[in-house]
Amino acid sequence: MIRPALSVVVPCYNEAACLDVLHARISAVAKAVVGDDHEIVLVNDGSRDQSWAVMERLAAADPRLVAINLSRNHGHQLALTAGLDLCAGERILIIDADLQDPPELLADMIATMEAESADVVYAVRRKREGETFFKKLTAAAFYRVLDRVTDTPIPLDTGDFRLMSRRALDALLSLPEQARFIRGMVAWVGFRQVPFPYDRDERLAGESKYPLGKMIRFALDAVTGFSTAPLRLASHMGLVLTGLSLLLFAYIAIGWISGSAVQGWTSTMLVVVFLGAVQMFVLGMIGEYLGRLYVESKRRPLYLVADVAGPVKGRASLGYRAGDRGDVTVSPVLPEQQ
Ligand code: UDP
Ligand code: MG
């Protein structure tokens, strides 16, 4: 396989308004840094706007652009996985479509990679422009809680914006899980990883595609994917509650001896409701793991490709077995098969 020096991989969901500027800026930067020896891989994650039409137009005009149309919206992390599977570069830049992460940093990221002999240069957000206080607060809290509970050290305030070497990417692609928290999986892979501080810009156009519900799901994938600590919650809480009930027992015994036994309804209800809540919470946590275990056990493909525009050079073009996890998934319309 002929590998381009650089692949730029971009997951896109309803980003039609960003794509022209995105393509122009990435092309300019890539040309300046590695010349023509690059590819840009745009993944359309089941957008409901004109994104795919724009991608086809761009691909027709630029031989270095590969556009992949997924069969439906598979979600950010799976769309990114599709792009990573189908890219072929020696080095891979992952970037969002909304240009919050400036592609112009590529030159410095490559310089850092070379100077530090690193396999991964991950961009760490110093400032986040134009994002709500709520988003910044929840993101900051999330990364800190995650850091406390996970067994793999996952860098703080780091998104998917990063430059990777081929061997680090191949290692990442060998992880088969369905619930993908890619920034954590990259951290897990190891090799030499170095931070790269930057200031995050505002979205070029459109709205964030991460409403609260998706953010919570993403956070749960992160925690359950990298920690089993919540499963131990039941035993920890059990221990604490045993201690408390001993105190309560002593209190009741004293009341009984001193003849002022039967007392109010309030304290009984409080204990009942509290214990009920704790049990439900713990049960819910176990359910989160069980549900993921169930989903993984089905071994469904991670994503399905509907159409491709442009020359795909990555793994999928080499032939693969449908449904073979860890390999690329079904794609009825890859170039050779058309
Ligand atoms: N995205 C995607 N599929 C989705 C949601 C988002 O491919 O279901 C893409 C989106 O187009 C963008 C990136 O994931 O390129 C990050 O999304 P966004 O910028 O909305 O997230 P935020 O920066 O607000 O966290
Ligand atoms: Mg964004």
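Criteria and cut-off values
- Residues numbered from 1 in each chain as written.
- Chains lettered and ligands numbered in written order.
- Predicted model: local features only at pLDDT ≥ 70, side-chain atom pairs only at ≥ 80, totals over all residues.
- Heavy atoms only, no water.
- Helix = DSSP H or I, 4+ residues; strand = E, 2+ residues; numbered from the N terminus.
- Buried < 20%, exposed > 50% of the residue type's maximum accessible area, 1.4 Å probe, protein only.
- Lys, Arg positive; Asp, Glu negative; His and termini not counted.
- Charge placed at Lys NZ, Arg CZ, Asp CG, Glu CD.
- Donors = N, O, S within 2.8 Å, 3.2 Å for Na, K, Ca; no water.
- Axes fitted to C-alpha atoms, helices over the stretch in contact; angles between N-to-C directions.
- Parallel < 35°, antiparallel > 145°, perpendicular 65-115°, else oblique.
- Left-handed = near helix turned anticlockwise from the far one by under 90°.
- Contact = heavy atoms within 4.5 Å.
- Nonpolar A, V, L, I, M, F, W, Y, C, P; charged D, E, K, R; others polar.
- Near = heavy atom within 4 Å.
- Polar contact = N/O pair within 3.5 Å; in protein donor to acceptor, adjacent residues only side chain to side chain.
- Areas by Shrake-Rupley, 256 points an atom, 1.4 Å probe, with all protein chains shown as cover.
- 1 Å grid on protein atoms, 1.4 Å probe; cavity = no way out; pocket = protein on both sides within 12 Å on 5 of 7 lines; lining within 4 Å.
- Points joined across faces, edges and corners; volume = space filled by probe spheres on them.
- Salt bridge = Lys/Arg side-chain N within 4 Å of Asp/Glu carboxyl O.
- Arc of directions from axis to C-beta.
- Phe/Tyr/Trp six-rings, centres within 6.5 Å; stacked < 30°, edge-to-face > 60°.

A. The arrangement of the overall build of the chain in detail. A count of helical and extended segments in the chain gives 10 helices and eight strands. Judged by the C-alpha coordinates and their principal axes, the chain covers about 90 × 40 × 40 Å. Here the chain holds 338 residues, and the buried ones make up 47% of them. Between the mean site of the 36 positive side-chain charges and the mean site of the 38 negative ones, the chain shows a separation of 5 Å.

B. Inspection of the coordination of the magnesium ion (ligand 2) at higher detail. Around the magnesium ion (ligand 2), the donor atoms from the protein are Asp98 (OD) and Gln100 (OE1), and they sit 1.9 to 2.0 Å away. Aspartate 98 gets classed as buried once you look at its relative accessible area, which sits at 4%. For glutamine 100, a relative accessible area of 7% puts it in the buried group.

C. Spatial organisation of the packing of helix H1 (residues 16-34) against helix H2 (residues 51-61). Between H1 and H2, whose axes approach to 8 Å, the crossing angle comes to 25°. Considering the angle they form, H1 stands roughly parallel to H2. Where H1 crosses over H2, the two elements pack in a sense that is right-handed. Here Ala16, Leu19, Asp20 and His23 of H1 lie close against H2, whose contacting residues are Ser51, Val54, Met55, Arg57 and Leu58. Tallied by class, residues from the contact of H1 with H2 come to five nonpolar, two polar and two charged.

D. The arrangement of the site of ligand 1 in detail. Near ligand 1 there are 20 residues, and of these Glu15, Asp45, Asp98, Ser208 and Lys209 occur at the shortest range. Within the side chain of lysine 135, an N or O atom sits 2.9 Å from an oxygen atom of ligand 1. Bound to the protein, ligand 1 loses 96% of the 530 Å² it would expose on its own. When residues of the shell around ligand 1 are traced back to their parent elements, those giving at least two are strand S1 (6-12) and helix H3 (76-86). Of the residues belonging to the shell around ligand 1, the class tally is six nonpolar, five polar and nine charged.

E. A look at unusual backbone geometry. In this structure, asparagine 14 is a non-glycine residue whose phi angle is positive, near 50°. Relative to the elements of secondary structure, asparagine 14 occurs in the loop between S1 and H1. Look at serine 117: it is not a glycine, yet its phi comes out positive at around 45°. Accessibility expressed as a relative area gives 54% for serine 117, which makes it exposed.

F. Expanded view of empty space enclosed by the protein. Counted according to the given criterion, the structure contains two cavities of 30 Å³ or more. Taken as a whole, the second largest cavity encloses approximately 30 Å³ of empty space. Lining the second largest cavity we find Val8, Ile26, Val29, Leu93, Pro103 and Leu106. Here the lining of the second largest cavity is composed, by residue class, of six nonpolar, no polar and no charged.

G. Focus on the pattern of salt bridges. Throughout the structure, instances matching the rule amount to 14 salt bridges. With its nearest N and O atoms 3.1 Å apart, the salt bridge here joins arginine 91 to glutamate 114. In this pair, arginine 91 sits in strand S4 (residues 91-94) while glutamate 114 sits in helix H4 (residues 106-115), placing the two residues 23 residues apart along the sequence. The exposure class assigned to arginine 91 is partly exposed, which follows from its relative accessible area of 24%.

H. Expanded view of helix H6 (residues 166-173). Of the residues making up H6, those classed as buried are Arg166, Ala168, Leu169, Leu172 and Leu173. Taken end-on, H6 shows its buried residues confined to a sector of 160°, consistent with a single buried face. Among the structural elements, H3, S4, strand S5 (120-128), strand S6 (158-165) and helix H7 (182-189) are those in contact with the buried residues of H6.

I. Looking closely at the packing of aromatic side chains. For the coordinates displayed, the defined rule picks out six aromatic pairs. Ring geometry for tyrosine 210 against phenylalanine 218: centres 5.6 Å apart, planes inclined by 55°, an arrangement best described as tilted. The class of tyrosine 210 is partly exposed, set by a relative accessible area of 22%. Its relative accessible area of 13% is what places phenylalanine 218 among the buried residues. A connected cluster of aromatic rings, assembled from ring pairs, spans Phe142, Tyr143, Phe181, Tyr210, Phe218 and Phe226.

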